[in-house]
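These are the residues of each chain, in order.
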Amino acid sequence: MLMTYITAGFGVGLLVGMTGVGGGSLMTPLLTLLFGVSPTVAVGTDLAFASITKGAGTITHRFNNTVNWAIVRRLCLGALPAALVATLALRHFGALDAEIGQLIRYSIAGSVMLTVVALLFRRRMLAWIHAHPGRQLQGRSLTAATVISGAILGVLVTVSSIGAGAIGATLLVMLYPKLTPAEVAGTDIAYAVPLTAIAAFGHWWLGSIDWMLLVTLLIGSLPGITLGSMLARKVPERFLRALLAMTLTGVAAKLIY
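About the criteria used
Residue positions are counted from 1 within each chain, in the order its sequence is given. Only residues with pLDDT of at least 70 are given local features in this predicted model, and only at 80 or more are side-chain atom pairs given and counted; all residues enter the totals for whole chains, interfaces and linings. Water and hydrogen atoms were dropped before computing side-chain values, which therefore reflect all heavy atoms in the structure. Secondary structure follows DSSP: runs of H or I at least 4 residues long count as helices, runs of E at least 2 residues long count as strands, and numbering of each begins at the N terminus. Burial classification: accessible surface area is computed with a 1.4 Å probe over protein chains only, and a residue below 20% of its type maximum counts as buried, one above 50% as exposed, and the rest as partly exposed. By definition in these notes, contact holds between two residues if any of their heavy atoms fall within 4.5 Å. Calculation of accessible area relied on Shrake-Rupley with a 1.4 Å probe; when residues are assessed, cover is drawn exclusively from the protein chains displayed. Each residue after the first adds 1.5 Å to the expected span of a helix. The angle between axes fitted to the seven-residue stretch ending at a residue and the seven-residue stretch beginning at it gives the bend at that residue. Contacts described as polar in this section are N or O atom pairs within 3.5 Å, which, within protein, must combine one atom able to donate a hydrogen with one able to accept it, while residues neighboring in sequence count only if both atoms come from side chains. Fitted lines through C-alpha atoms serve as axes, helices being fitted only where they are in contact, and the angles separating the N-to-C directions of these axes extend from 0 to 180 degrees. For this classification, under 35 degrees means roughly parallel, over 145 means roughly antiparallel, 65 to 115 means roughly perpendicular, and everything else is oblique. Under the scheme applied here, ten amino acids are nonpolar (Ala, Val, Leu, Ile, Met, Phe, Trp, Tyr, Cys and Pro), four are charged (Asp, Glu, Lys and Arg), and all others, including Gly, are polar. Stacked, tilted and edge-to-face pairs are distinguished by plane angle, under 30 degrees for stacked and over 60 for edge-to-face with tilted covering the rest, among Phe, Tyr and Trp rings (Trp via its six-membered ring) whose centres lie within 6.5 Å. As used in this record, nonpolar core signifies buried Ala, Val, Leu, Ile, Met, Phe, Trp, Tyr and Cys residues forming a set joined through side-chain atoms within 4.5 Å. Surface patches are defined over residues having more than 30% relative accessible area and no salt bridge, joining like charges when they lie within 9 Å and nonpolar side chains (Val, Leu, Ile, Met, Phe, Trp, Tyr) when within 5 Å. Should a side-chain nitrogen of Lys or Arg be within 4 Å of a carboxyl oxygen of Asp or Glu, the pair is scored as a salt bridge.

### Section: the overall build of the protein
Scanning the protein from terminus to terminus reveals eleven helices and zero strands. Put simply, the protein runs from its N terminus to its C terminus through helices and strands in the order α-α-α-α-α-α-α-α-α-α-α. The buried share of the protein, taken over its 257 residues, is 54%. Taking as baseline every contact in the protein between residues at least 6 positions apart, the subset at least 24 positions apart corresponds to 84%. Accessible surface, the protein: about 11,800 Å² in total, of which carbon and sulfur atoms supply 70%.

### Some remarks on helix 8 (residues 166-175)
Counted residue by residue, helix 8 has eight buried out of ten residues, so it is predominantly covered. Those residues of helix 8 that fall on the buried side of the exposure criterion are Ala166, Ile167, Gly168, Ala169, Thr170, Leu172, Val173 and Leu175.

### Describing helix 4 (residues 69-93)
For helix 4, which comprises 25 residues, the first-to-last C-alpha distance of 35 Å matches the rise-based estimate of 36 Å (1.5 Å per residue) to within 8%. Along its length, helix 4 reaches its greatest deviation from straightness, about 30°, at Cys76. Buried residues of helix 4: Ile71, Val72, Leu75, Cys76, Gly78, Ala79, Ala82, Ala83, Ala86, Thr87 and Leu90, and no others. Its side-chain oxygen placed 3.3 Å from the backbone nitrogen of Ala70, Asn68 serves as the N-cap of helix 4.

### Focus on the packing of helix 7 (residues 139-160) against helix 8
Helix packing for two helices is described by the angle between their axes and how far apart those axes are. With their axes 10 Å apart at the nearest point, helix 7 and helix 8 run at an angle of 170° to one another. In terms of orientation, helix 7 lies roughly antiparallel with respect to helix 8. Between helix 7 and helix 8, the residues in contact are Leu142, Ala145, Thr146, Ser149, Leu153 and Leu156 and Ile167, Gly168, Leu171 and Leu175, respectively. Per-class residue counts for the contact of helix 7 with helix 8 are seven nonpolar, three polar and no charged.

### Some points on the packing of aromatic side chains
Where two aromatic rings form a pair, the distance of their centres and the angle of their planes describe that pair. By the definition in use, this model includes two aromatic pairs. Ring centres of Tyr5 and Phe35 lie 4.7 Å apart, and the angle between their planes is 80°; on these two criteria the pair is classed as edge-to-face. Of the two residues, Tyr5 is situated in helix 1 (residues 2-19) and Phe35 in the loop between helix 2 (23-34) and helix 3 (39-63); the sequence distance between them amounts to 30 residues. The exposure classification of Tyr5 matches that of Phe35, with both residues buried.

### Thoughts on the nonpolar core
By size, the foremost hydrophobic cluster in this structure holds 61 residues, and its most contacted members are Leu31, Phe49, Leu172, Tyr176, Tyr191 and Leu217. It is helix 9 (residues 181-206) that provides the largest number of residues to this core, a total of eight residues.

### Here we look at the side chain of Thr146
For Thr146, the position within the fold is in helix 7. Taking relative accessible area as the criterion, Thr146 reaches 1% and is therefore assigned buried. Looking at Thr146, its side chain comes within polar contact range of the main-chain oxygen of Leu142, at 2.7 Å. At a separation of 2.7 Å, a polar atom in the side chain of Thr146 contacts the side chain of Tyr176.

### A few points about the environment of Gly228
Checked against the element boundaries, Gly228 lands in helix 10 (residues 211-234). A sequence separation of 171 residues divides Gly228 from Gly57, and the C-alpha atoms of the two residues are 8.1 Å apart. Contacts of Gly228, omitting those with residues within four sequence positions, involve Leu14, Gly17 and Met18.

### Quick look at the environment of Asn68
Here Asn68 is to be found in the loop between helix 3 and helix 4. Counting along the chain gives 122 residues from Asn68 to Ala190, while the straight-line C-alpha distance between them is 8.8 Å. Setting aside its immediate chain neighbours within four residues, Asn68 contacts Leu179 and Thr187. Side-chain polar atoms of Asn68 contact the backbone nitrogen of Ile71, separated by 3.2 Å.

### Things to note about a nonpolar patch on the surface
A cluster of nonpolar side chains, contributed by Leu88, Phe201, Trp204, Trp205, Leu206 and Trp211, occupies part of the molecular surface with about 670 Å² of accessible area. Top element by residues in the nonpolar patch is helix 9. It accounts for four residues. On the basis of relative accessible area, Leu88 is assigned to the exposed category, the value being 52%.

So, in structure tokens, the structure goes:
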């Protein structure tokens, strides 16, 4: 099982480094469905895993100049306070019941598929935006939409560990369609670091992190995300976009089934 955990960490790390997506959306289902970890511990451990893994990926993306820090700040402005409030709510009310949790999973799956559509039709979408510049959010409206989106992400990630990459990528593609796939990956990874760190601290406070499992996963994920982040800028944009679309389709299928 030790090598299985390390291999799973490496695979998820590589995918996250290249696309910015797949951390919670893949790791949490892997821990619960494949490895038999309880959902509560899987969420807490995955959040700690994501904060450390994506921290390493952010460093590499920063050197590759594929992080839009202005967008990162806007997302964090909404996400970090929301994560704190969600943590306090979990402490007070307890974990979400199964029906609400399933509803969240279906909502995320639908949002993920919107990302796939946006990626596959990115050129047509950009052409439409250039032809109708008045329809694209600008200035304060765009800033407000980004902050609000960050707040929604903060709540989703804290209660389910899913959404930082998948939903984040959706929002970045829809709100900022001119970003390249490498910039989507880098920006998505960078904003998720403080968000998942705060959420992970909350789950540590709640006692739902398996530290030995976390260390084992990190042995594989840290080299994986470093390699993936290095490849994100070198891999052809068309291939990276197709890889991201296929990954997200798989994520949506796992969330539904």
